[in-house]
Amino acid sequence: MRTRWSPDRTAGRQKASEVSSEVNEAGASGESRGAHGEAPIRRQRWRAGKRTGAGRFLTWKRALACVVTLMVLLAGGFTVLYVSIDIPQANELAKAQSNVYLYSDGTRLARTGETNRETVPLSRVPLGVQHAFVAAENKDFYSDSGVSLSGTARGILSTLTGKGKQGGSTITQQYVKNYYLSQEQTVTRKVKELVISLKVDRRNSKDDILAGYLNSSYYGRLAYGVQAAARAYYHREVEQLSVEQGAYLAALLQAPSQYDWAIAGPQGKQLVTERWNYVLDNMVNEGWLDKGARQRMKFPEPVAPTPGAGLSGQSGYLVDAARRELMASGVSEQELAGGGWRITLNIDPDKQRALEQAVTAGLGEGADAEAEAEPGGGVDAEADTASDEAAADGNRQAGAVSVDPRSGRIVALYGGRDYTRHYLSNATRSDYQAGPTFDPVTVAASMEVKTQDKDRYGTEHIEEIATALGMDVDPGDFASPDATSLGLMGASPLELAGVYASFHHEGRKVTPSILKSAERDGEGTRLRASIGGQAIDPRTADVVNSYLSGGGRGGVDRPFTPGVSEQTVTTTSGRTDDRKAEWFVGSTDDLVTAIGLFGEDATTHKQVALKNIGDGYPAKIWSGYTSRATLPAQEHS
């Protein structure tokens, strides 16, 4: 449509011109006002951002110069480092000291540090086993330059940001770290590792590097080198290893303690099985293993370990718990195995002795210990009869953890009859159902909905509360509709002690800690905190404690306990739905103690139903321990 000329349009243009002139004048004086005042501001901004062709060229020229200068500086700096850093002499593990473990009062608990190591030539290692390690750690090993720049960069960034260890190193880099350097997580060490790896890759053959890597790596069970690992895990020489066994040892290097089949929990076994499959699948993809042979392979379970000397009785369980917590604090297994550590535990020797004696009496193992379990030198007739009945059941295992709820310190721990005979700690294992001990967690979840005015009570919410209180929750444990009502999820005495300590600590999360201090070469290591943030509302914690004091599923048939009548006592107890475990968790003002009896076949070590279940053995153990543990220090002797 054609636009016609109009006197009004001409007037409008003239008026706009006048207004624009006025605004420009106002803008020049800094007094732009009204709706029309925005126009000059936009115009001024556009003018400020305008660049001429020459200006843009100069800007890019400066940027390019900066980049080139930075590259030259980096190249020059790396050249200086490459020239100045020589390949050092091999570090000497023979000079490594023992680790000393002490009770809380400074008396010695144990000394460890015997190194099991035997260097073998690569010719003794079957080719399939060699390929298993390469497939697990560094598929491009035979063609790479010895370093992974991206992996090293991630490692340096993680160190600078305090995020701990970061994988990604090549076999050459790991060999250099193991053989020439230390396990410390510093930028300086990582830079040295990079430079020395480049030099080692140029100087040595790939076979020499692989042999050094296999012989210097730490496999757990105090075994250094593939030959020591073959003996420790399969009782055979390295040349007798099958591809399946070699793949397990290769998978093991990622986390030796977590992946040790003898002590791994369900999650650890699942992870190492997945990694074992990953290694074999990589071998097929690289052309090192026939696909048909791969499909016929079965997981090769290793033999039970042989604990080191000086770790018999409860000592081994205490040392094992301390090692695990230290590694959880960021110390690597190889660094710990290198020795020189002075580790003090929170374990109170008097309370530890009291717990050992109470469990021994409760299981009917030894008249002398049985007589000492109760203050005054004896036990009542009912406990005596119960002990005789318990002694008839050799398929009964006990585990217990006692915690100070105010500090989170583990003051006593019972892991089993003898570490040298039963390597897996019953105090930390979580492969038995929680049973009725989970009931207070359900109560807490219900109360959280009310105190927080939330409208989402259900299995998912209960799972969240369990996690917040410190339970290591596996979502699969909550798949059954009866999971929360019957306590079908797995739990350990250690976890339950932390959960109930959190109830006593007004709802703040308590993570039980066995470590008091750990130092090496005069430098202390930062340990994880025992007392965390608010896991549940303090009002919820009060309700749960009241529930456990008498109105809940526990609180009934509480055993008489001399010496604690003036304290607030809460308890819960009962057997699991599958009758394979029986629990008792008792709390006083000073101690929270979780005790579990577990059915385990003495020969096959498979879970079995408990005999005489429901007769109150865990409660009697708690009574015997608590009455003695609460005595004044001078009366323990």
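Residues numbered from 1 in each chain as written. Predicted model: local features only at pLDDT ≥ 70, side-chain atom pairs only at ≥ 80, totals over all residues. Heavy atoms only, no water.

Caption draft 1: How the structure looks around the confidence of the model for the chain. With 72% of its residues at a pLDDT of 70 or more, the chain shows a mean pLDDT of 79. Segment residues 1-49 is flagged for pLDDT under 50; beyond a separation of four residues in sequence, or across chains, it makes 13 contacts in the model. Here residues 80-85 scores under 50 on pLDDT; set against residues more than four positions off or in separate chains, the count is 11 contacts. (pLDDT = per-residue confidence, 0-100. Contact = heavy atoms within 4.5 Å.)

Caption draft 2: Structural detail: the pattern of salt bridges. Tallying each qualifying case throughout the model produces 21 salt bridges. Close ionic contact of R124 with E237 constitutes a salt bridge, the shortest N to O distance being 3.5 Å. A residue pair is termed long-range when its members are at least 10 positions apart, and R124 in the loop between β3 (116-117) and α4 (127-137) and E237 in the loop between α9 (226-234) and α10 (243-252) qualify at 113 residues. Residue classification places E237 among the partly exposed residues on the basis of a relative accessible area of 26%. Residues R324 and D320 are paired through a salt bridge, measuring 3.2 Å at the closest nitrogen-oxygen approach. Taken as a pair, R324 and D320 lie in helix α14 (residues 315-328) at a separation of 4 residues, close to a single helical turn. When salt bridges with common partners are traced through the structure, they connect R124, R231, E237 and E239 into a single cluster. (Salt bridge = Lys/Arg side-chain N within 4 Å of Asp/Glu carboxyl O. Helix = DSSP H or I, 4+ residues; strand = E, 2+ residues; numbered from the N terminus. Buried < 20%, exposed > 50% of the residue type's maximum accessible area, 1.4 Å probe, protein only.)

Caption draft 3: Representation of the sheet that holds strand β2 (residues 108-112) in the model. Reading across from one edge, β2-β1-β5-β11-β12 is the order of the 5 strands in this open sheet, with mixed pairing throughout. Each edge of the sheet is formed by a strand with only one pairing partner; in this case those strands are β2 and β12 (523-524). Sheet topology places strand β1 (residues 99-102) next to β2; 4 bridges connect them, and they run antiparallel. Residue pairing for β2: N99 is matched across the bridge by T112. Sheet strands touched by α14: β1, β2, β5 (341-345) and β11 (515-520). Its angle to β2, the strand with the most contacts, is close to 70°. (Pairing = 2+ DSSP bridges. Axes fitted to C-alpha atoms, helices over the stretch in contact; angles between N-to-C directions.)

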